[in-house]
Amino acid sequence: MDAKRLYGTVAACAVVVYLGALWNRFAVDDLPIIVLNPLVADVSGVWRAFAAPYWPPDLGGHMYRPLVIAGFALDRLVDGAPWLHAVNLLWHAAASVAVAAFARRWADSAVALVAGLLFAVHPVHVEAVANIVGRAELMAAFFTVLAVYAALARESVGWSAAALGVGLLSKENAAVTPALIAWGWMLGLSRPARRRMALFLASWGLVGGAYFAVRAAVRHPFAGYESIAPMFVGESPLTVRLTAVHGLADVARLLVFPLTLRADYSPAERTVVTSPLDPRFLAGVACALVWGALLALAWKRGRTLEAFGLGWVAVALLPVANLLFPAGFYLAERTLYLPSAGFVVAAAVWLARLPHKWLRPLVATLVLVAGLRTALRVPVWRDNERVTRSVIHDSPRSYVGPKRLTALFLDRHEPARAVAFARVAAGLYDRDPTIFVTGAVAAFAAGDPRGADSMLAQLELLCHGGCSGSYRHEAAVARASGYPEAAESLLARVGRLRPP
């Protein structure tokens, strides 16, 4: 198969399975990041995004992804949700083609086609593609693959450094690019001269240093705000790592057999692991050992591209695995978008060794089954109500289901029911401040100021006086939702807060 047909087939497959996303609207983080974000609402956001954090200041000013915000601001000039989703599909198609092109460089067209198709239809990608804010994952993955390809296939310092810089401005996990390139050098995918290797190292230092300096300057006013997974709040570093190892079992399942997908992995759907004798920890260790054995076997037998793909999975997973440092989540399926690129490359190399009479029907079956699973999962991200139903169905023990029902019944102007679900959520998990601020709005709207005060007292214990941003944001949401009195009640409390 010639290159044009190969890449056209992969791109078409990546778009077709996600066509349902064109009917999706804004859901979950799309609302604060896009709908309510003043940077996205005005064309000036295209350049102002580079001097602002990714999350709005009232919500903690976390992260720095200016290219994504700038892209959203441009997209809003064209159209609303349908156009934004269409652009996501194009980014996913581009990333799928990039994965296929990478595989084709060190293997034949059959391996490239299998890798590209598996990446295009893999069900674990649904959250990243079908939810608009997942575009950060798509862009970072595309530019990471581009940077690694430019370094290993072309030995181009300039193009690789440029792709690294653009990837970092899309999402922080592009920082794994140098490690991926170094892994390729170790395996012999490329062996640049020492002088050129030194130039690569210098370019990484220059690009990375500039990025982290700008990022630190932009986020300096918000440095005191931490983003940590709810289940890790107040837990010891050992507990965080034990739980992270347990998470490897979920990662393995999602990459290899993604039949069950979840929008949420919060307490008590997933709980912390406190002992190395816990079966959940041992399951994670077993998955790591199997991965290590496969990597060692591929290395020993000289299967360079297969070994590179397996190593890619580990390198790309590290920043979000809670092993080096606690992240803002235990597990999020969108974060497996970049690690899965290595997985599909390794899987394609393995599948290509099968007899030709088996290869085509097996790959066709895998693509068909995975494509159907993906297409059927896409509507889950249609709007907040669909996501809420999914959380309740797929993660019934999670406190996030009742928390999301609180907001849903507020939107339906049923504040009494919203208060009831806020109390259920707080009973399941009492360390998430958003439960109490949304529950307070519901209580004010239901004519229960004492109940609202009780919830706000709980909120202020959690944010230690630094609640003003949450109050202002929730007041804006309450006013937009038709609860002006509740909004005024929240704003009235801001002046009485103790400084953080």
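The text that follows walks through the structure, step by step, so that each part is easy to find. (Residues numbered from 1 in each chain as written. Predicted model: local features only at pLDDT ≥ 70, side-chain atom pairs only at ≥ 80, totals over all residues. Heavy atoms only, no water.)

Let us look at the overall build of the protein. Helices and strands together make up the secondary structure of the protein, namely 24 helices and zero strands. Since a compact globule built from 500 residues should have a radius of gyration of about 23 Å, the 23 Å found for the protein is in line with a globular shape. A total of 500 residues make up the protein; the buried ones form 53% of that total. Look at the contacts in the protein between residues 6 or more apart in sequence, and 74% of them connect residues 24 or more apart. Of the charged side chains in the protein, 47 are positive and 33 negative, and the gap between their average positions amounts to 10 Å. (Helix = DSSP H or I, 4+ residues; strand = E, 2+ residues; numbered from the N terminus. Rg over C-alpha atoms; globule rule 2.2 N^0.38 Å. Buried < 20%, exposed > 50% of the residue type's maximum accessible area, 1.4 Å probe, protein only. Contact = heavy atoms within 4.5 Å. Lys, Arg positive; Asp, Glu negative; His and termini not counted. Charge placed at Lys NZ, Arg CZ, Asp CG, Glu CD.)

Now for the nonpolar core. One finds I34, F72, F308 and W312 to be the most contacted residues of the largest nonpolar core, which totals 137 residues. Apart from the residues within four sequence positions on either side, F308 is in contact with F102, V148, L152, L180, W183, G184, L187 and L189. Grouped together as the second largest cluster of nonpolar side chains are 23 residues, L254, F281, L317 and Y330 included. (Core = buried A, V, L, I, M, F, W, Y, C linked by side-chain atoms within 4.5 Å.)

Time to look at the environment of L248. On the secondary structure map, L248 appears in helix α13 (residues 237-256). Along the primary structure L248 and R280 are separated by 32 residues, whereas in three dimensions their C-alpha atoms are 9.7 Å apart. Ignoring anything within four residues of it in the chain, the contact list for L248 reads G284, C287, A288 and L317.

A few words now on the packing of helix α19 (residues 400-411) against helix α20 (residues 415-428). As a packed pair, α19 and α20 sit with axes 8 Å apart at the nearest point and diverge in direction by 165°. As far as their axial angle goes, α20 and α19 are roughly antiparallel. Regarding α19 and α20, the two cross each other, and that crossing is left-handed. Note on element contacts: α20 touches α19 through P415, R417, A418, F421, A422, V424, A425 and L428, opposite P402, K403, L405, T406, F409 and L410. Per-class residue counts for the contact of α19 with α20 are eleven nonpolar, one polar and two charged. (Axes fitted to C-alpha atoms, helices over the stretch in contact; angles between N-to-C directions. Parallel < 35°, antiparallel > 145°, perpendicular 65-115°, else oblique. Left-handed = near helix turned anticlockwise from the far one by under 90°. Nonpolar A, V, L, I, M, F, W, Y, C, P; charged D, E, K, R; others polar.)

The subject of this paragraph is the side chain of R377. Mapped onto the elements of the fold, R377 is located in helix α17 (residues 356-377). A distance of 3.2 Å separates a polar atom in the side chain of R377 from a polar atom in the side chain of D394. Ignoring sequence-local partners within four residues, the contact set of R377 consists of V126, L261, R262, A263, S390 and D394. (Polar contact = N/O pair within 3.5 Å; in protein donor to acceptor, adjacent residues only side chain to side chain.)

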